[in-house]
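Residues per chain, in single letters:
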Amino acid sequence: FARLGFPEIARRHAAAIPAASLRIECEILCELSSARDDNLRGHPARALERLQQVNDLIHRGIACGAIVDPWNILGFSGQYPRFQSIEDAVRDTRIDDLISIIGQLFNLYGRLLSEGASSGTFKPDKDLAQEMHRLADWWDGFASTTVSDIDHVHGKQATQSAEHVARSLTRWRQRGAETADLAFWREQLDGFHSAEAFALVVDALLAQEDYRAAASLLMTWLGQADQTPLVDGDHSFHQLTLRWMLGLSLAAENPDDGPALRAFMVKFFDFLEANAESFWTAPGLSSA
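Parameters and conventions
Residues numbered from 1 in each chain as written. Predicted model: local features only at pLDDT ≥ 70, side-chain atom pairs only at ≥ 80, totals over all residues. Heavy atoms only, no water. Axes fitted to C-alpha atoms, helices over the stretch in contact; angles between N-to-C directions. Helix = DSSP H or I, 4+ residues; strand = E, 2+ residues; numbered from the N terminus. Parallel < 35°, antiparallel > 145°, perpendicular 65-115°, else oblique. Left-handed = near helix turned anticlockwise from the far one by under 90°. Contact = heavy atoms within 4.5 Å. Nonpolar A, V, L, I, M, F, W, Y, C, P; charged D, E, K, R; others polar. Disulfide = S-S within 2.5 Å. Buried < 20%, exposed > 50% of the residue type's maximum accessible area, 1.4 Å probe, protein only. Salt bridge = Lys/Arg side-chain N within 4 Å of Asp/Glu carboxyl O. Arc of directions from axis to C-beta.

Student: An account of the packing of helix 5 (residues 93-119) against helix 6 (residues 127-140) is requested, with residue identities and associated values reported.
Tutor: Across the interface, helix 5 lies against helix 6 with an axial gap of 10 Å and an inter-helix angle of 155°. In terms of orientation, helix 5 lies roughly antiparallel with respect to helix 6. The way helix 5 lies across helix 6 gives a crossing that is left-handed. Note on element contacts: helix 6 touches helix 5 through Leu128, Ala129, Glu131, Met132, Leu135, Ala136, Trp138 and Trp139, opposite Leu98, Ile99, Ile102, Leu105, Phe106, Tyr109, Gly110, Leu112 and Leu113. Here the contact of helix 5 with helix 6 is composed, by residue class, of 15 nonpolar, 1 polar and 1 charged.

Student: Tell me about the state of the cysteines, residues and numbers included.
Tutor: Per the counting criterion, the structure on display carries 0 disulfides. Just so you know, Cys30 is unpaired, no disulfide at all, and the nearest cysteine sulfur is the one on Cys26, 4.1 Å from it. Left unpaired, Cys64 is separated from the closest cysteine sulfur, that of Cys26, by 15 Å. In this structure Cys64 comes out as exposed when scored by relative accessible area, which is 58%.

Student: Before we move on, could you go through the pattern of salt bridges and cite the residues and values that matter?
Tutor: Summed over the entire model, instances satisfying the criterion amount to 12 salt bridges. Across the pair Arg46 and Asp38 runs a salt bridge, and its minimum N-O distance is 3.8 Å. Judged by its relative accessible area of 41%, Arg46 falls in the partly exposed class. Residue class for Asp38 comes out buried when judged on its relative accessible area of 5%. Among the salt bridges present, the one from Arg91 reaches Asp96, with a minimum N-O distance of 2.8 Å. Looking at Arg91, the relative accessible area reads 36%, which means it is partly exposed. Via salt bridges that share partners, Glu8, Arg11, Glu27, Glu31, Asp38, Arg46 and Arg50 belong to a single interconnected network.

Student: Lay out helix 1 (residues 7-14) with the relevant residues and their values.
Tutor: Within the span of helix 1, buried status applies to Pro7, Ala10 and Ala14. Seen end-on, helix 1 carries its buried residues on one side only, within an arc spanning 60°. Set apart from the buried face of helix 1 by more than 90 degrees, the exposed residues are Glu8 and Arg12. Contact partners of the buried residues in helix 1: helix 2 (20-40).

Given below as structure tokens:
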């Protein structure tokens, strides 16, 4: 219920559970879901307050033992040691839950930064950016990215990507936020080194219905798939491509622009085939 966006129902059911760990995790998920909704409805200040509340809940949960100590990630390699030998350990699912929460927290901070840049309220030295830097400094101190077999959330990389996207969107807005300004976006490509960076800026361009610039960035992302993963946590090339296609299909219903947009949609598949290389061919089974 919390993940689906029904916080009150989630809290009512969680209140009947004796385990403090489940109750505090439910409250965190409720705040994250509500922050996501506040951002979509145009209330970034309220969303930031909820993210600050999530930060407080995480630290309180760790302090009281309701949330796993992040040092266990490095100390026990993501395992729960029942005895001294590693062979007798079992997967510590609490660590997966914590990493998922931290990943969602960074994603929401990034989205708030990009939304602020699009609207003209982004300030690199103000509360939002400072909060994200503090979170990254705290989380990266646990060296979770050095442990294999767990999902990696790199706070500094997420922060740098979000800030580069925010600065790029700020410059784009100052230029007049013109659609299909491909020359401008080519100048920004040097700073796009992660799936998060591509996803945030494509998401912002789709919100502005700038389908040509969004398509150009999607193709650039696809062309460097060997260096930048197409899927990283909540950031997915495939989901954004589907959103692009659905958005363009709706825009193509306009009788004035319809023929040109439908032709561009066909061209998009040509771009996909040219940039996907081996990803374009479905893998087959060999009898050898």
